[in-house]
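Fold and geometry: a report
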Amino acid sequence: MSVKVCLVTPAPPGSRKGNRITALRWARILRDLGQRVAVAEEYRGQRCDLLLALHALRSAPSVERYRSAHPGAPLIVALTGTDLYGTLHTHPEARRAVDLATRLIVLQPLGVAELPEAARSRARVIYQSAPAPRQGAAPRRDRFEVCVLGHLRPVKDPFRTARAARLLPQASRLRVLHVGAALSPQMAEQARAEAADNPRYRWLGELPRGRALRVLGRSRLLVLTSELEGGANAISEALAASVPVLSSRIAGSVGLLGADYPGYFPVGDTAALARLLERAESDAGFYRALQEWCACLRPLVDPEREQQSWADLLRELGR
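Residues numbered from 1 in each chain as written. Predicted model: local features only at pLDDT ≥ 70, side-chain atom pairs only at ≥ 80, totals over all residues. Heavy atoms only, no water.

**Quick word on the packing of helix H7 (residues 209–218) against helix H8 (residues 233–240)**
In contact at an axis separation of 10 Å, H7 and H8 are set at 60 degrees when each is read in the N-to-C sense. On the basis of their axis angle, the class for H7 and H8 is oblique. In this structure, H7 meets H8 at a crossing whose hand is right-handed. Only Asn233, Glu237 and Ala238 of H8 make contact with H7, whose side of the interface consists of Arg209, Leu213 and Leu216. Grouping the constituent residues of the contact of H7 with H8 by class yields three nonpolar, one polar and two charged. (Axes fitted to C-alpha atoms, helices over the stretch in contact; angles between N-to-C directions. Helix = DSSP H or I, 4+ residues; strand = E, 2+ residues; numbered from the N terminus. Parallel < 35°, antiparallel > 145°, perpendicular 65-115°, else oblique. Left-handed = near helix turned anticlockwise from the far one by under 90°. Contact = heavy atoms within 4.5 Å. Nonpolar A, V, L, I, M, F, W, Y, C, P; charged D, E, K, R; others polar.)

Structure follows, in C-alpha cells:
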C-alpha cells in the first residue's frame, strides 16, 4: 500500500552536505518501494501519512508540530552523530523528539546504546549504502595517494591527515587528496595555506559527486579523522569502492568497521596517524589485511540491503 511520506531535513535544496545526500537517497529508495515522497526543510502542516525527520534537534519543531496534529500517526526520527554523541545528552528538545517518535533510525549498531534505555526497543539500524563504482582510474604507481572526503569544519578535524603527512620519512610517496568545501572563510584560508606549505597535501575543494567518487576510487586509502560521526557515508562509499579505511577510533566508525579493525588511531593523534600511514604505504601485509577486512564488510553497504531494511520498517509500521 502506498503512503505519502514527508521527509524533513535541515539541509536546504542544492546542499551537498551529508544530511541532504542521505535525505535524497532515502527519498529515492522509498519511491522505488512505491511510496510518494516530498522532501522539505520543515513540516508545516503538509498532508502526509508518515513523517520522517532527519536530525532530532534541528527537526524537533517539525516533530512537535506533526505529533500535535497527528497523535497516532507513524513518525520516524533518524539520529545523526551530532544527536547521538552531543545534543541528545544536552538538549531537552532532542530528547523530546526521540520520545515522540514511533521508530528511531541509527546508522550503525553502537548508536543504539546512546539512546535512553526506554527508547532502544524502538531503534532500527539502517546501514547507509553506496553503489559499486564503474571501473575507474587505477591508483598511481609513482604516488601513494590517500583521500580525505568531507567538508572542512571543526568536527571533521580536517587537517589532521595533512599534518600527519608532514611527519612521514622523506622517501615517502604519500600524497593527500582532500575533497570537500570549506564551510567558513577561515577554513578556506587554512586549506590554501596548508596546500602552499605542504607538498604532500592538495585541497581539491568541493567536487560534483561523480568526480569526488572517482578521486576516492583511485586512492589507496580513505582517511577519516572526525571527532564524532553517526556512521559516516564516506566509509560506505570507500567499502563499495574497495578502498580500505584509516579512521579515528570513534563509536560511529567502530560500529561500522568492528572493534578489532587494525586501522584505527586515537582522535587527534597526529603521530599515531602518521605511523599508520607509513605502515600502510611500506608494509604490504598490513595493507592487504586492511583490504581483506574491508572487503568482508562490503555486503553491509549493498544498496539492496538498505532498500530491504526500509521495506521491513514500512511493513512493521503498517502492522
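**Re unusual backbone geometry**
Positive phi is not limited to glycine here, since His55 has a value of about 95 degrees. By relative accessible area, which is 5% here, His55 ends up buried. (Buried < 20%, exposed > 50% of the residue type's maximum accessible area, 1.4 Å probe, protein only.)

**With respect to the packing of aromatic side chains**
Ring pairs (aromatic) are described by centroid distance and by the angle formed between their planes. In the structure shown here, the tally under the stated rule is six aromatic pairs. Seen from their ring centres, Trp26 and Trp310 are 5.1 Å apart, and the 65 degrees between their planes marks the pair as edge-to-face. Remark: Trp310 occurs in helix H12 (residues 303–318) and Trp26 occurs in helix H1 (residues 18–32); sequence separation between them is 284 residues. The class of Trp26 is buried, set by a relative accessible area of 1%. Judged by relative accessible area, which is 1%, Trp310 ranks as buried. When the ring of Tyr261 is compared with that of Trp293, the centres are 5.7 Å apart and the planes differ by 70 degrees; the resulting orientation is edge-to-face. (Phe/Tyr/Trp six-rings, centres within 6.5 Å; stacked < 30°, edge-to-face > 60°.)

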